[in-house]
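What follows is the residue order along each chain.
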Amino acid sequence: MEINENYKKRRGRTALSPIDKRGHTVSARLNVEELALLDSKRGDMARGEWMRAASLDKLPQTVPEPNKEKWAELARAAANLNQIAKACNTSHGVPDEQFAPVRKILNEFRMALIGIKS
């Protein structure tokens, strides 16, 4: 039987390159209060994943709790705007550039909701 070179024998995740492979382990001891604080900040991320992201300044953007409902509402409005733009572009030949200022304002507003100034 001939083995295909493109056949992957391993299942699951593909192996990381030697440069990207994480071979070093760092551990930390926390007291009850520190662990509770870490758990409150990490959300649904794993503890180690959150600590690595925090130490590398790569934490994902989070939407403040009071704005989550407005964020979802605004996302629906943005989707509707995109559908309108697509309909105009396909049926009436309205150039995308006419919608660019509206999209820019909408994006700036969304970023302001999560505390990012543009």
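Each value, and the rule that gives it
- Position numbers for residues count from 1 along each chain, tracking the sequence in the order it is written.
- Local features are withheld for residues below a pLDDT of 70 in this predicted model, meaning they are given only at 70 or higher, and side-chain atom pairs are given and counted only at 80 or more; totals for whole chains, interfaces and linings count all residues.
- Water and hydrogen atoms were dropped before computing side-chain values, which therefore reflect all heavy atoms in the structure.
- Helix and strand labels come from DSSP, where a helix needs a run of H or I of at least four residues and a strand needs a run of E of at least two; each type is numbered from the N terminus.
- Any two residues whose heavy atoms approach within 4.5 Å are treated as being in contact.
- Note on definitions: the grid is 1 Å and covers protein atoms alone; a cavity is a set of points where a 1.4 Å probe fits but cannot get out; a pocket is an open set with protein on both sides within 12 Å along at least five of seven lines; lining residues have an atom within 4 Å of a point.
- Grid points are joined across faces, edges and corners, and a volume is the space filled by probe spheres set on the points.
- Gly counts as polar in this scheme, as do all residues outside two lists: the nonpolar Ala, Val, Leu, Ile, Met, Phe, Trp, Tyr, Cys and Pro, and the charged Asp, Glu, Lys and Arg.
- We define a salt bridge as a contact between a side-chain nitrogen of Lys or Arg and a carboxyl oxygen of Asp or Glu at a distance within 4 Å.
- Buried means the residue's accessible area, taken with a 1.4 Å probe over protein chains only, is under 20% of the maximum for its type, while exposed means over 50%, and partly exposed covers the values in between.
- To obtain each axis, a line is fitted to C-alpha atoms, and for helices this fit is confined to the stretch in contact; angles are then taken between N-to-C directions over 0 to 180 degrees.
- Small angles under 35 degrees read as roughly parallel and large ones over 145 as roughly antiparallel, with 65 to 115 read as roughly perpendicular and the rest as oblique.
- An expected span of 1.5 Å times one less than the residue number is assigned to each helix.
- Polar contacts, as used here, are pairs of N or O atoms within 3.5 Å; protein pairs need one atom able to donate a hydrogen and one able to accept it. Residues neighboring in sequence count only if both atoms are side-chain atoms.
- Each nonpolar core is a collection of buried residues, namely Ala, Val, Leu, Ile, Met, Phe, Trp, Tyr and Cys, held together in the definition by side-chain atoms within 4.5 Å.

So, about the overall build of the protein chain. When helices and strands are counted, the protein chain shows four helices and zero strands. Taken from N to C terminus, the helices and strands of the protein chain fall in the order α-α-α-α. Long-range pairs, those at least 24 residues apart, make up 45% of the contacts in the protein chain with a sequence separation of at least 6.

Of the volumes computed, that of the largest pocket is approximately 400 Å³. When its residues are assigned to classes, the lining of the largest pocket shows three nonpolar, six polar and three charged.

Looking now at the pattern of salt bridges. As enumerated under the stated definition, the model contains three salt bridges in all. Residue Lys104 pairs with Glu108 through a salt bridge whose shortest N-O separation is 3.6 Å. With a gap of four residues between them, Lys104 and Glu108 both fall in helix H4 (residues 100–113), about one helical turn apart. Given the relative accessible area of 56%, Lys104 is considered exposed.

For any two helices packed against each other, one specifies the inter-axial angle together with the distance between the axes. Where helix H1 (residues 32–42) meets helix H2 (residues 47–55), the closest approach of the two axes is 10 Å, and the angle between their N-to-C directions is 80 degrees. One element, H1, and the other, H2, form an angle in the roughly perpendicular class. Seen from H1, the contacting residues are Leu35, Leu38, Asp39, Lys41 and Arg42; seen from H2, they are Arg47, Trp50 and Met51.

What follows concerns H4. Spanning 14 residues, H4 covers 20 Å between terminal C-alpha atoms, matching the ideal 20 Å at 1.5 Å per step. Gly115, located one to two residues past H4, shows a positive phi value of around 90 degrees.

Okay, H1 next. Capping the start of H1 is the job of one residue whose side-chain oxygen sits 3.1 Å from the backbone nitrogen of Glu33: Asn31. Positive backbone phi, approximately 65 degrees, marks Gly43, located one or two places after H1.

A few words on the nonpolar core. Nonpolar side chains tend to gather and get buried jointly when the protein is soluble and globular. By size, the foremost hydrophobic cluster in this structure holds five residues: Leu74, Ala78, Leu81, Leu106 and Leu113. Sorting the residues of this core by element identifies helix H3 (68–92) and H4 as the ones contributing at least two each. Looking at which element gives the most residues to this core, the answer is H3, with three residues. Discounting residues that sit within four places of it in the chain, Ala78 has contacts with Leu106 and Arg110.

So, on to unusual backbone geometry. The phi dihedral of Asp57 falls on the positive side, at around 55 degrees, and the residue is not glycine. What makes Asp57 exposed here is its relative accessible area of 73%.

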